[in-house]
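The residues making up each chain are set out below.
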Amino acid sequence: MHLGKIGGGQTYSQLSAKALAQPKNTALAEQVQAMFRGQTLRGLLLNAYGWWQMGQIMLVSAIVALAAAGLFLILSLFGVWHLRRAAPQAEIFPGVATKVAANT
């Protein structure tokens, strides 16, 4: 049975209303049950796909954040290395470094 042919193109709510009006019609009740299962399966699959998609986005975000953290770690190490090599007079704000040294 093809899902497009169930109920003659009517929605689940339309078929359900007809089935409630005709409680002894077993063929209509079977169509309503098939439509209900189809709608439930569709909802479950769309929910699973949506969370899978969110997981994919979060995976890419985590990789980018990890790469940025590595880059900033390398830049920090270069900054420490530069601080050890540069003379206090070559610094952009030499007064700040002198005041810190004078206070200690």
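Above this note sits the structure.
All of the points below concern the structure found in this document. (Residues numbered from 1 in each chain as written. Predicted model: local features only at pLDDT ≥ 70, side-chain atom pairs only at ≥ 80, totals over all residues. Heavy atoms only, no water.)

It is worth spelling out the overall build of the protein chain at this point. Each helix and strand counted, the protein chain has three helices and zero strands in total. Here the protein chain, with 104 residues, has 9% of them falling under the buried criterion. Total accessible area on the protein chain stands at roughly 8900 Å², and carbon and sulfur atoms take up 69% of it. (Helix = DSSP H or I, 4+ residues; strand = E, 2+ residues; numbered from the N terminus. Buried < 20%, exposed > 50% of the residue type's maximum accessible area, 1.4 Å probe, protein only. Areas by Shrake-Rupley, 256 points an atom, 1.4 Å probe, with all protein chains shown as cover.)

A few words on the nonpolar core. Counting six residues, the largest nonpolar core is built from I6, L15, A19, L28, V32 and M35. Element by element, the count of residues in this core is highest for helix α2 (residues 26–85), at three residues. Leave out the neighbours within four places in its chain, and L28 touches L15, K18, A19 and Q22. (Core = buried A, V, L, I, M, F, W, Y, C linked by side-chain atoms within 4.5 Å. Contact = heavy atoms within 4.5 Å.)

This part is about the packing of helix α1 (residues 12–21) against α2. Running from N to C, α1 and α2 point in directions that differ by 150°, and their axes come no closer than 9 Å. Between α1 and α2, the angle is such that the two are roughly antiparallel. Relative to α2, the crossing made by α1 is left-handed. Facing α1, whose interface residues are Y12, L15, S16, K18 and A19, α2 presents L28, Q31, V32, M35, F36 and Q39. When the residues that make up the contact of α1 with α2 are grouped by side-chain class, the tally is seven nonpolar, three polar and one charged. (Axes fitted to C-alpha atoms, helices over the stretch in contact; angles between N-to-C directions. Parallel < 35°, antiparallel > 145°, perpendicular 65-115°, else oblique. Left-handed = near helix turned anticlockwise from the far one by under 90°. Nonpolar A, V, L, I, M, F, W, Y, C, P; charged D, E, K, R; others polar.)

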